Amino acid sequence: MKKLVSGIKPTGELTLGSYIGAVKQYIELQKEYDSYFFVADLHAITKYQDPKELREKTKKIVALYLACGLDPKQATIYLQSENPYHSHLSWILSCNTYLGELNRMTQYKDQKIKDSNLSVGFYTYPVLMAADIVIYDAEYVPVGEDQVQHVELARDIVQRFNKRYGNKLIMPESIVPKIGARIKDLQEPTKKMSKSDGECKGSILLLDDEKIVRKKVMSAITDSDNLVKYDVKNKPGISNLITIYSSLSNLSIKEVETEFIDKNYGEFKTAVADKIVEVLKPIQDKYYEYINSDMIDEVLDQGIKKVTVIAQKKCELIAKAVGLGRQKC
Ligand code: ATP
Ligand code: LTN
């Protein structure tokens, strides 16, 4: 069975963007692949996190994973920081990564302008991400569009490592959803919908109640055309709402345009809000059932036990290939 790996940072509550771009894919893919889904808490601390809040957010992400439909019987779910081998491998890979490669990462370039106190961890985090992937021999990595460049970097590292040390690492490939790889902010529809960016007025959070969802959707920025037509360049706001509706209803963009051909923006926005509420309601019900249950610890205990064994084996193989440690006959 082919393997896949993906993770989400516990930097805030999950947004509809992470759901459509990542989690929705996880649910489908777990049926076909040997799947590893983790909470990327080591990635979260690349920017300061309040320790108490970080622990709460981490737990929330696990509860949301389960509530969205990740099934511990099909997939392995764990916390990144509980497996020390990710960081161990990250060091070895960082010694096979060039500064120039990290300098070219778009996320780093964007943040460098905004934040004059970026951590070294933020700079090198794409290497840790490569380690997260190759440590389980994953062939596939389901992610949103913003993470594709990091998976490409992982591919470059794998190629270099394999050339230097013999074919020890599996080449990963990203899986990006055809519709919804970059859901935009409802207030600034040229920007990615984000969970850790400001007040979240333009982000739908998976735990937003119905009233808030409706308010956010109805006040989404559009244009004055009143024509439900997909045109990202000229109509980014309405195109974003079409993408959201399309993904959540499993309809093509064309089918959505046809469905709303003679409807105005008010009617369309109401339908988008209805659809979001319909999708979020069962997720929220399950979330409140799981968040204070023993299930979260049980799932994580079971997950970490499994992945530590796999990761240790892989790290030993890699350390040996690199020439680390003592020679054993
Ligand atoms: P933040 O929202 O705090 O900036 P992030 O998106 O950088 O966080 P995660 O929440 O860890 O990081 O992302 C989880 C997954 O969801 C990644 O695969 C990412 O590409 C995807 N994702 C996040 N936001 C969106 C979005 N707006 N549209 C599509 N996919 C997204
Ligand atoms: N870097 C990603 C989260 C992440 C990830 C991974 C995704 C960390 N390690 C491995 C896929 C595979 C982010 O910032 N969203």
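Residues numbered from 1 in each chain as written. Chains lettered and ligands numbered in written order. Predicted model: local features only at pLDDT ≥ 70, side-chain atom pairs only at ≥ 80, totals over all residues. Heavy atoms only, no water.

Chemist: Tell me what's going on with the side chain of Asp41, and back it up with residues and numbers.
Modeler: Structurally, Asp41 can be placed in helix H2 (residues 41-44). Arg55 provides the closest opposite charge to the buried, salt-bridge-free Asp41, at an N-O distance of 7.9 Å. In this view, Asp41 contacts Pro10, Thr58, Leu79, Gln80 and Ser81; residues no more than four positions away in its chain are not counted. (Helix = DSSP H or I, 4+ residues; strand = E, 2+ residues; numbered from the N terminus. Buried < 20%, exposed > 50% of the residue type's maximum accessible area, 1.4 Å probe, protein only. Lys, Arg positive; Asp, Glu negative; His and termini not counted. Salt bridge = Lys/Arg side-chain N within 4 Å of Asp/Glu carboxyl O. Contact = heavy atoms within 4.5 Å.)

Chemist: If you had to explain helix H13 (residues 295-322) to someone new, which residues and values would you point to?
Modeler: The end-to-end C-alpha distance of H13 is 40 Å, a good match for the 40 Å that 28 residues give at a rise of 1.5 Å each. Those residues of H13 lying buried are Ile296, Val299, Leu300, Gly303, Ile304, Val307, Ala311, Lys314, Cys315, Ile318 and Ala319. Where H13 ends, the next residue or the one after it, Gly323, has phi of about 100°, a positive value. (Expected span 1.5 Å × (residues − 1).)

Chemist: Please give an account of the packing of helix H7 (residues 120-134) against helix H8 (residues 148-165) that cites residues and values.
Modeler: One way to put it is that H7 packs onto H8 with a least axis distance of 9 Å and a crossing angle of 70°. Judged by the inter-axis angle, H7 sits roughly perpendicular to H8. Across the interface between the two elements, Tyr125, Pro126, Met129, Ala130, Ile133 and Val134 from H7 touch His150, Val151, Leu153, Ala154, Ile157 and Val158 from H8. Residues of the contact of H7 with H8, tallied by class, amount to 11 nonpolar, 1 polar and no charged. (Axes fitted to C-alpha atoms, helices over the stretch in contact; angles between N-to-C directions. Parallel < 35°, antiparallel > 145°, perpendicular 65-115°, else oblique. Nonpolar A, V, L, I, M, F, W, Y, C, P; charged D, E, K, R; others polar.)

Chemist: Give me the lowdown on the site of ligand 2, citing residues and values where you can.
Modeler: For ligand 2, the set of nearby residues contains 13 residues, the closest of which are Lys9, Tyr125, Met129, Asp132 and Gln147. Within the side chain of His43, a nitrogen or oxygen atom sits 3.4 Å from a nitrogen atom of ligand 2. Contact between ligand 2 and Tyr125: an oxygen atom at 3.3 Å from a side-chain N or O atom of the residue. Out of a free accessible area of 370 Å², ligand 2 has 93% covered by protein chains. When contributions to the shell around ligand 2 are tallied by element, the ones reaching two or more residues are strand S1 (3-8) and H7. No other element matches H7, which puts 4 residues into the shell around ligand 2. Of the residues contributing to the shell around ligand 2, the split by class is 7 nonpolar, 4 polar and 2 charged. (Near = heavy atom within 4 Å. Polar contact = N/O pair within 3.5 Å; in protein donor to acceptor, adjacent residues only side chain to side chain. Areas by Shrake-Rupley, 256 points an atom, 1.4 Å probe, with all protein chains shown as cover.)

Chemist: Tell me what's going on with the pattern of salt bridges, and back it up with residues and numbers.
Modeler: For the structure on display, the rule yields 20 salt bridges. Among the salt bridges present, the one from Glu101 reaches Arg160, with a minimum N-O distance of 2.7 Å. One end of the pair, Glu101, is in helix H5 (residues 99-103); the other, Arg160, is in helix H8, with 59 residues separating them in the sequence. With respect to class, Glu101 is no different from Arg160; both count as buried. Arg214 serves as the salt-bridge partner of Glu210, at 3.1 Å between the closest nitrogen and oxygen.

Chemist: Go over unusual backbone geometry with me, naming the residues and quoting the values.
Modeler: Excluding glycine, most residues fall at negative phi; most peptide bonds, likewise, are trans. With a phi close to 60°, Asn226 is a non-glycine residue in the positive phi region. Looking at the secondary structure, you find Asn226 in the loop between helix H9 (210-218) and helix H10 (236-249). By relative accessible area, which is 40% here, Asn226 ends up partly exposed. Although it is not a glycine, Asn250 adopts a positive phi angle of roughly 55°. Relative to the helices and strands, Asn250 is located in the loop between H10 and helix H11 (253-259).

Chemist: Describe the nonpolar core, with residues and values.
Modeler: Judged by nonpolar contacts, the single largest core of 63 residues is most densely connected at Leu16, Tyr19, Tyr65, Ile204, Ile244, Phe268 and Ile276. Among the elements that line this core, the one with the most residues is helix H12 (residues 265-290), at 12 residues. With sequence-adjacent residues up to four places away left out, Ile244 is seen in contact with Leu16, Ile20, Ile183, Leu186, Val272 and Ile276. The next biggest cluster of nonpolar side chains, apart from the first, holds 35 residues, and it includes Phe38, Leu102, Ile133 and Val158. (Core = buried A, V, L, I, M, F, W, Y, C linked by side-chain atoms within 4.5 Å.)

Chemist: How would you sum up the pairing of strand S3 (residues 75-79)? Please name residues and give values.
Modeler: For S3, the buried fraction is high: 5 of the 5 residues fall into the buried class. Because side chains alternate across S3, one face comprises the buried residues Ala75, Ile77 and Leu79, and the other comprises Thr76 and Tyr78, equally buried. Here strand S2 (residues 34-39) pairs with S3 via 5 bridges, running parallel. Looking at the pairing, Val39 lines up with Leu79 of S3. (Pairing = 2+ DSSP bridges.)

Chemist: Outline the packing of aromatic side chains, listing residues and values.
Modeler: Considering all chains together, one arrives at 13 aromatic pairs under this definition. Relative to Phe37, the ring of Tyr26 has its centre 4.3 Å away and its plane inclined at 20°; by these criteria the two rings are stacked. In this pair, Tyr26 is assigned in helix H1 (residues 16-29) and Phe37 in strand S2, connecting sequence segments 11 residues apart. With respect to burial, Tyr26 and Phe37 carry one shared label: buried. (Phe/Tyr/Trp six-rings, centres within 6.5 Å; stacked < 30°, edge-to-face > 60°.)

Chemist: Just give me the short version of a negative patch on the surface, but keep the residues and values in it.
Modeler: Together, Glu82, Asp294, Asp297, Glu298 and Asp301 line one region of the surface with negative charge. Looking at the element boundaries, Glu82 is found in the loop between S3 and helix H4 (85-94). Residue class for Glu82 comes out partly exposed when judged on its relative accessible area of 40%. (Patch = residues over 30% accessible without salt bridge, like charges linked within 9 Å, V, L, I, M, F, W, Y side chains within 5 Å. Charge placed at Lys NZ, Arg CZ, Asp CG, Glu CD.)

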